[in-house]
Amino acid sequence: MAKESRRVAILEAASSIVSEKGIFNLTLEAVAKEAGISKGGLLYHFPSKEALVQGMVEHLAHNYRSKIAKNVDDDPLDRGKWTRAFLNVTFNQGYPNKDMHAGLLAAKAVNPKLMLPLYQAYEEWQTNIENDGLDPIDATIIRLATDGIWLAELLELYNIDDQKKKAVYKRLHEWIQDLYLDAEKKKKEQN
């Protein structure tokens, strides 16, 4: 198994433990057993529990950053591309292993400073969304609504059914398009 795929397998094992058994059951021994490797093999990749949790957050933040950046790059429309990308990735291109989000809960419990990669990503996204050529307040509300659904699913507070989730996505996407059209209309009126 390649080094990077081994790291991802370890991160997935750790995330599975946090998701299924809770943060207090996240031990290096439990992760090694879940990943099917020796504790020494685990320590080669992650020399401490804190390093493991940091790896979980970094992996998740990198994954989302990459997907959002790709969506932005692929968007033919300049105005609103960050807001569309954030919405699309969060609703339609999230991390395939939902347990991986548990790393965020682990980071908050182990050492909140481990959340730094996600804080930095959000700071970047919010700045880009506010300067996306759309009304910055409306674009922020769309981001917050998108985050609300993601967090509700992460914390298992309330999972809306798939049909309603698709309807919410559609409505938010339509709102972005309306903001785009309004901004384009204002631009033409100014010229």
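All of these numbers come straight from a predicted model, not from anything done at the bench.

A. View of empty space enclosed by the protein. Enumeration according to the criterion identifies two cavities of 30 Å³ or more in this entry. Looking at the largest cavity, its volume works out to about 100 Å³. Along its surface, the largest cavity is lined by L60, Y64, F86, T90, L104, L118, Y122, W125, D147 and W150. Broken down by secondary-structure element, the contributors of at least two residues to the lining of the largest cavity are α4 (49-74), α5 (81-92), α7 (116-130) and α8 (136-154). The element best represented in the lining of the largest cavity is α7, accounting for three residues.

B. The layout of surface pockets, seen in detail. Reported here for the second largest pocket is a volume of approximately 190 Å³. As for the second largest pocket, its lining consists of L104, L105, K108, M115, L118, Y119, Y122, W150, L151, L154 and L155. Of all the elements in the fold, those that place two or more residues in the lining of the second largest pocket are α6 (102-110), α7 and α8. For the lining of the second largest pocket, the per-class residue count stands at ten nonpolar, no polar and one charged.

C. Helix α2 (residues 28-35), seen in detail. Among all positions in α2, only L28, V31, A32 and A35 are buried. Relative to the axis of α2, the buried residues are bounded by an arc of 100° and lie together on one face. Positive backbone phi, at 75°, marks G36, one or two positions downstream of α2.

D. Seen up close, the environment of D147. Structurally, the position occupied by D147 is in helix α8. Each C-alpha atom, one on D147 and one on F91, is 9.6 Å from the other, the two residues being 56 residues apart in sequence. Not counting chain neighbours up to four residues away, the residues in contact with D147 comprise F86 and Y122. Here R143 takes part through its side chain, which lies 2.4 Å from a polar atom of the side chain of D147.

Cut-offs applied
- Residues numbered from 1 in each chain as written.
- Predicted model: local features only at pLDDT ≥ 70, side-chain atom pairs only at ≥ 80, totals over all residues.
- Heavy atoms only, no water.
- 1 Å grid on protein atoms, 1.4 Å probe; cavity = no way out; pocket = protein on both sides within 12 Å on 5 of 7 lines; lining within 4 Å.
- Points joined across faces, edges and corners; volume = space filled by probe spheres on them.
- Helix = DSSP H or I, 4+ residues; strand = E, 2+ residues; numbered from the N terminus.
- Nonpolar A, V, L, I, M, F, W, Y, C, P; charged D, E, K, R; others polar.
- Buried < 20%, exposed > 50% of the residue type's maximum accessible area, 1.4 Å probe, protein only.
- Arc of directions from axis to C-beta.
- Contact = heavy atoms within 4.5 Å.
- Polar contact = N/O pair within 3.5 Å; in protein donor to acceptor, adjacent residues only side chain to side chain.

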